[in-house]
Amino acid sequence: MRFGMFVPQGWRMDLVGIEPARQWEVMVNLAKHADDGDVFESIWVYDHFHTVPQPSGEATHEAWSLMAGFGAATSRVRLGQMCTCMAYRNPAYLAKVAATVDVISGGRTEMGIGAGWYEHEWRAYGYGFPKAGDRLGALREGVQVFRDMWTTGEATLDGKYYQVDGALCAPRPLQGTSHPGSALNGIPMWIAGGGEKVTLKIAAEYADYTNFDGSPEGFDHKSEILKGHCDDRGRDFGEIVRSANYNVVIGETDADVEDRLQFYGELLRKGGVADDKAAASVEDLRKQPAVGTPDKIVSMFTDMQARGMTYAITYFAEAAYDRSGIELFEQTVAPELKG
């Protein structure tokens, strides 16, 4: 099992109460913690502008700015976003940004990409909110632009959603040129989402990695659909690494787990979330698969690994305030699954 870790950036109200002048210090120190260890292969952020579970005035730091900063501040961990929204940036421009981050980081960029969903921030930032079919159509065209720019250094596309005419990518990413990278894409491409008719079909064509439902039943079903699309295209299903995201609430005892759950609820309330909505969020988190003592979490991941989920991206809601959950995971869960 391979592991990644989300660095809190505010989107999930996970920097509440920390002054803006200190937020970068908190984020980069967590990135360095992952970089200094050997448990987490990668660090991740979300590509969002407004907080959840509701928009608020609390901080949400921009994903690709953080990618560049983390690239300069770390030396080992790989750098990803789960996931970048295609429509928030022109794909030729975004390919250029990702190539630059790859150079800054010495060839450690991962491209997580999806069609986007958070309607409030789409409209607030002036992107409108196209129908799902149009968002997915733009995703398909955009990943083709990525592949062309990273593997050939140039892209031209007269598409329905994007028009690119000889866009140059110089320098190309280090991955796929002077450094090992994706044979298909240069920078490894993560297609995020489980849409069965379109998203997983795009994944079968372009993805090095997928990221979808991490429950046993959901993962099995999405994997079966992905395999069907791979078979239709004549692609080896085994070439694609299947990943999922997990909210981790870990404690040595059930009481410790409960304390962390209640901390999460209080964090939301401090961010302005109403009591009933915060309580509902806590109950939703309580039911998720990576919540419990180390033995329970090891058992869950062991089962998922047997199903073919070999890359787990973990999120610890309290990470900006307390690293003990991360450290307990590093000491008790990861050693049972790595290797």
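In what follows, the accompanying structure is described. Because the structure is predicted, anything quoted here is derived from the model rather than measured. (Residues numbered from 1 in each chain as written. Predicted model: local features only at pLDDT ≥ 70, side-chain atom pairs only at ≥ 80, totals over all residues. Heavy atoms only, no water.)

1. Notes on the overall build of the protein
On a plain count of helices and strands, the protein comes out with 11 helices and 13 strands. Taking 2.2 N^0.38 as the reference for a compact globule, 339 residues should give roughly 20 Å; the C-alpha atoms of the protein span a radius of gyration of 19 Å, in line with that estimate. For the protein, the spread of C-alpha atoms along the three principal axes comes to 60 × 40 × 40 Å. In the protein, which comprises 339 residues, the share counted as buried stands at 55%. Nonlocal contacts in the protein, meaning residues at least 24 apart in sequence, comprise 74% of its contacts between residues at least 6 apart. Here the protein has roughly 13,800 Å² of accessible surface; of this, 50% comes from carbon and sulfur atoms. The protein carries 33 positive and 48 negative side-chain charges, and their two centres are separated by 4 Å. (Helix = DSSP H or I, 4+ residues; strand = E, 2+ residues; numbered from the N terminus. Rg over C-alpha atoms; globule rule 2.2 N^0.38 Å. Buried < 20%, exposed > 50% of the residue type's maximum accessible area, 1.4 Å probe, protein only. Contact = heavy atoms within 4.5 Å. Areas by Shrake-Rupley, 256 points an atom, 1.4 Å probe, with all protein chains shown as cover. Lys, Arg positive; Asp, Glu negative; His and termini not counted. Charge placed at Lys NZ, Arg CZ, Asp CG, Glu CD.)

2. Overview of the layout of surface pockets
Reported here for the largest pocket is a volume of approximately 1,000 Å³. Along the wall of the largest pocket there are 42 residues; nearest its centre are Trp11, Arg12, Tyr46, Trp117 and Asn245. Listing elements by their share of the lining of the largest pocket, those giving two or more residues are helix H4 (119–124), helix H5 (132–152), strand S10 (241–247), helix H9 (275–286) and strand S13 (309–315). Looking at the lining of the largest pocket, the element that brings in the most residues is S10, giving 4 residues. Classifying every residue of the lining of the largest pocket gives 24 nonpolar, 12 polar and 6 charged. (1 Å grid on protein atoms, 1.4 Å probe; cavity = no way out; pocket = protein on both sides within 12 Å on 5 of 7 lines; lining within 4 Å. Points joined across faces, edges and corners; volume = space filled by probe spheres on them. Nonpolar A, V, L, I, M, F, W, Y, C, P; charged D, E, K, R; others polar.)

3. Section: unusual backbone geometry
Note the cis peptide between Val52 and Pro53, where omega equals 10°. By the secondary structure assignment, Pro53 is in the loop between strand S2 (40–45) and helix H2 (63–73). Residues other than glycine seldom take positive phi values, yet Met13 does so here, at roughly 55°. Structurally, Met13 can be placed in the loop between strand S1 (2–6) and helix H1 (20–36). Judged by its relative accessible area of 0%, Met13 falls in the buried class.

4. So, the sheet that holds S2
Here we have 9 strands laid out as an open sheet, ordered S3-S2-S1-S13-S10-S9-S8-S5-S4, and parallel in their pairing. Only two strands of the sheet have a single neighbouring strand rather than two, namely strand S3 (78–81) and strand S4 (84–85). One ladder, built from 2 bridges, connects S4 with strand S5 (residues 111–114); its direction is parallel. Following the sheet pairing, Cys85 is matched in S5 by Gly114. Each of S5 and strand S8 (189–192) touches H5; the most contacted strand, S5, lies at about 155° to it. Contacting S1, S10 and S13, helix H10 (residues 294–307) crosses the sheet at an angle of about 140° to S13. (Pairing = 2+ DSSP bridges. Axes fitted to C-alpha atoms, helices over the stretch in contact; angles between N-to-C directions.)

5. Some thoughts on a negative patch on the surface
Negative charge collects at one region of the surface, where Glu252, Asp254, Asp256 and Asp259 lie side by side. Note that Glu252 resides in the loop between strand S11 (249–250) and helix H8 (254–270). (Patch = residues over 30% accessible without salt bridge, like charges linked within 9 Å, V, L, I, M, F, W, Y side chains within 5 Å. Salt bridge = Lys/Arg side-chain N within 4 Å of Asp/Glu carboxyl O.)

6. Digging into the packing of aromatic side chains
Counting across every chain of the model gives 26 aromatic pairs. Relative to Phe219, the ring of Phe212 has its centre 5.5 Å away and its plane inclined at 45°; by these criteria the two rings are tilted. Comparing Phe212 with Phe219, the two get one shared label, buried. A ring pair is formed by Tyr246 and Phe301, whose centres lie 5.1 Å apart and whose planes are at 80°; its orientation type is edge-to-face. Remark: Phe301 occurs in helix H10 and Tyr246 occurs in strand S10; sequence separation between them is 55 residues. Assigned by exposure class, Tyr246 and Phe301 land together as buried. Grouped by ring-pair contacts, the aromatic residues Phe3, Phe40, Tyr246, Phe301, Phe316 and Phe329 constitute a single cluster. Above the plane of the ring of Tyr315 lies Arg12, whose end atom (NZ or CZ) is 3.8 Å from the centre. (Phe/Tyr/Trp six-rings, centres within 6.5 Å; stacked < 30°, edge-to-face > 60°. Lys NZ or Arg CZ within 6 Å of the ring centre and 35° of its normal.)

7. A short note on the nonpolar core
Ranked by size, the top nonpolar core spans 82 residues in total, and within it Phe301 and Phe329 carry the most contacts. In terms of residues, this core owes the most to one element, H5, which gives 8 residues. For Phe329, the residues in contact, after removing those within four places along its chain, are Phe3, Phe40, Val248, Ile250, Ile297, Phe301, Thr314, Phe316, Ala334 and Pro335. Among the nonpolar cores identified, the runner-up in size contains 28 residues, and Val16, Trp44, Met82 and Ala278 belong to it. (Core = buried A, V, L, I, M, F, W, Y, C linked by side-chain atoms within 4.5 Å.)

8. Notes on the pairing of S5
Burial along S5 is two-sided: Met111 and Ile113 and Gly112 and Gly114, pointing in opposite directions, are all buried. Taken together, the 3 bridges between S5 and S8 define a ladder with parallel strand orientation. Bridge assignment links Gly112 to a residue of S8, and that residue is Trp190.

This is a description of form; function is not addressed.
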